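Chain and residue survey
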Amino acid sequence: MEEKFMREALRLAQKAKKKGEVPIGAVVVSGGKIIGKGYNLRTKKQMATAHAEMRAIDMACRREHSWRLPGAEIYVTLEPCPMCMGAILNARIDRVYFGAYEQKGRSLTKELASANLLNHKTEVTGGVLQEECAEVLSSFFSEMRAREKGKKGK
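Overview of the structure. Please read these numbers as outputs of a predicted model, since none were measured by experiment. The numbers attached to residues start from 1 for each chain and follow its sequence in the written order. Owing to the predicted nature of the model, reporting of local features is limited to residues with pLDDT of at least 70; listing and counting of side-chain atom pairs is limited to 80 or more, with chain, interface and lining totals taken over all residues. Computation of side-chain values: all heavy atoms of the structure, hydrogens and water removed.

1. Topic: the overall build of the protein
Let me state the cut-off plainly: Only runs of H or I of at least four residues qualify as helices and only runs of E of at least two qualify as strands under DSSP, and these elements are numbered from the N terminus. Throughout, a residue-residue contact means that at least one pair of heavy atoms, one from each residue, lies within 4.5 Å. All accessibility values rest on the Shrake-Rupley procedure with a 1.4 Å probe; residue burial counts only the protein chains present in the view.
Each helix and strand in the protein was counted, giving six helices and five strands. Secondary structure of the protein in N-to-C order comes out as α-β-β-α-α-β-α-β-α-β-α. Of the contacts made within the protein by residues no fewer than 6 positions apart, 60% connect residues no fewer than 24 positions apart. Here the protein displays about 8600 Å² of accessible surface, and carbon together with sulfur accounts for 51% of that area.

2. Focus on the packing of helix α3 (residues 52-64) against helix α4 (residues 82-90)
Heads up, the rule is: Interaxial angles span 0 to 180 degrees and are taken between N-to-C directions of axes, which are lines fitted to C-alpha atoms, for helices over the stretch in contact. Working rule for angles: under 35 degrees goes down as roughly parallel, over 145 as roughly antiparallel, 65 to 115 as roughly perpendicular, anything else as oblique. Throughout, a crossing is termed right-handed when the near helix is turned clockwise from the far one, and left-handed when it is turned anticlockwise from it by less than a right angle.
Running from N to C, α3 and α4 point in directions that differ by 20°, and their axes come no closer than 9 Å. Between α3 and α4, the angle is such that the two are roughly parallel. Of the two possible hands of crossing, α3 and α4 adopt the one that is left-handed. Residues Glu53, Met54 and Ile57 of α3 touch α4, and the partners they reach there are Met83, Cys84, Ala87 and Ile88.

3. Some details on α3
Applicable threshold: Expected span of a helix, by definition, is 1.5 Å for each gap between consecutive residues, and there is one gap fewer than residues. The rule is simple: take the accessible area with a 1.4 Å probe, protein chains only, and divide by the maximum for that residue type; under 20% is buried, over 50% is exposed, in between is partly exposed. The arc in question is the one spanned by the directions pointing from the helix axis to the C-beta atoms.
The first and last C-alpha atoms of α3 sit 18 Å apart over 13 residues, in line with the 18 Å expected at 1.5 Å per residue. Listing the buried residues of α3 in full gives Ala52, Glu53, Ala56, Ile57, Ala60 and Cys61. For α3, the angular spread of the buried residues around the axis is 155°, confining them to a single face. In this structure, the buried residues of α3 make contact with β1 (25-30), β2 (33-39), β3 (73-78) and α4. Directly after α3, the chain includes His65, whose backbone phi takes a positive value near 55°.

4. Here we look at the packing of aromatic side chains
The line we're drawing: Stacked, tilted and edge-to-face are the three classes applied to pairs of Phe, Tyr and Trp rings, where Trp contributes its six-membered ring and a pair requires centres within 6.5 Å; stacked means planes under 30 degrees apart, edge-to-face means over 60, and tilted covers the rest. Each ring is checked for a lysine NZ or an arginine CZ that lies within 6 Å of its centre and within 35 degrees of its normal; such an atom marks a charge sitting over the ring.
In the structure shown here, the tally under the stated rule is four aromatic pairs. Ring geometry for Tyr75 versus Tyr97: centroids 4.6 Å apart, planes at 10°, classification stacked. Placement of the pair is Tyr75 in strand β3 and Tyr97 in strand β4 (residues 95-100), with a sequence separation of 22 residues. Using a relative accessible area of 7% as the deciding quantity, one classes Tyr97 as buried. One aromatic cluster is present, formed by Phe5, Tyr75 and Tyr97 through successive ring pairs. For Arg55, the ring lying beneath its charged end belongs to Tyr39, and the centroid distance is 5.3 Å.

5. Topic: the pattern of salt bridges
Under the convention used in this document: Think of a salt bridge as a Lys or Arg side-chain nitrogen and an Asp or Glu carboxyl oxygen that are within 4 Å of each other.
This structure, assessed with the given rule, holds seven salt bridges. Its salt-bridge partner being Glu3, residue Arg7 comes within 3.9 Å of it at the nearest N-O pair. Taken together, the residues Arg7 and Glu3, both in helix α1 (residues 2-18) and four residues apart, mark about one turn of the helix. Classification of Arg7 by relative accessible area gives partly exposed; the value is 39%. The partly exposed category is assigned to Glu3, whose relative accessible area is 46%. Ionic pairing is found between Arg7 and Glu132, a salt bridge with its closest N-O pair at 2.7 Å.

Rendered as C-alpha cells:
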C-alpha cells in the first residue's frame, strides 16, 4: 500500500518538475482513498507556503470539511520541513511516509513527530521508494545547474 500512494506522489512530483518547480509531491490518504493531492508551486505562486504537503493537506481539509484529519496518512517524496510537519501535526494526521531524506541541514521530522505538540503525535516512516524519490530531485538539480552553466557560457 505504501508504494502505491508514494507512486502517486512521485507522479505529482513530475508535474512540478515539468513546471520548473522543485519536484516534490504529496498525497493525503484516508480509508485507503486519496483525499488530497499537492505538488510544489512556490515559484509559480511566489508563496513560501506553497509546498506539496501544505497543498495536499489544504485539499484534504476542504474535502473533509474539517481541519482535523484523524486516521489520515500523508505520503511525500521528500522528508517534510518543519513548517509542513507543523501542519501535519495540526491536522492530526496519524502517519507520515516519505521517500528521500533531507540532505541539506538537520531535519526535525522525527523530533517534531514525537514531541506531543498540539496534543498529537504522528508516526514517521522514511525511505519509501527512496532511490526513485531521490533521483527525481537529483536529476532536477543537475539539469538546473547545467542550464545555469550554459547561460554563463554564452
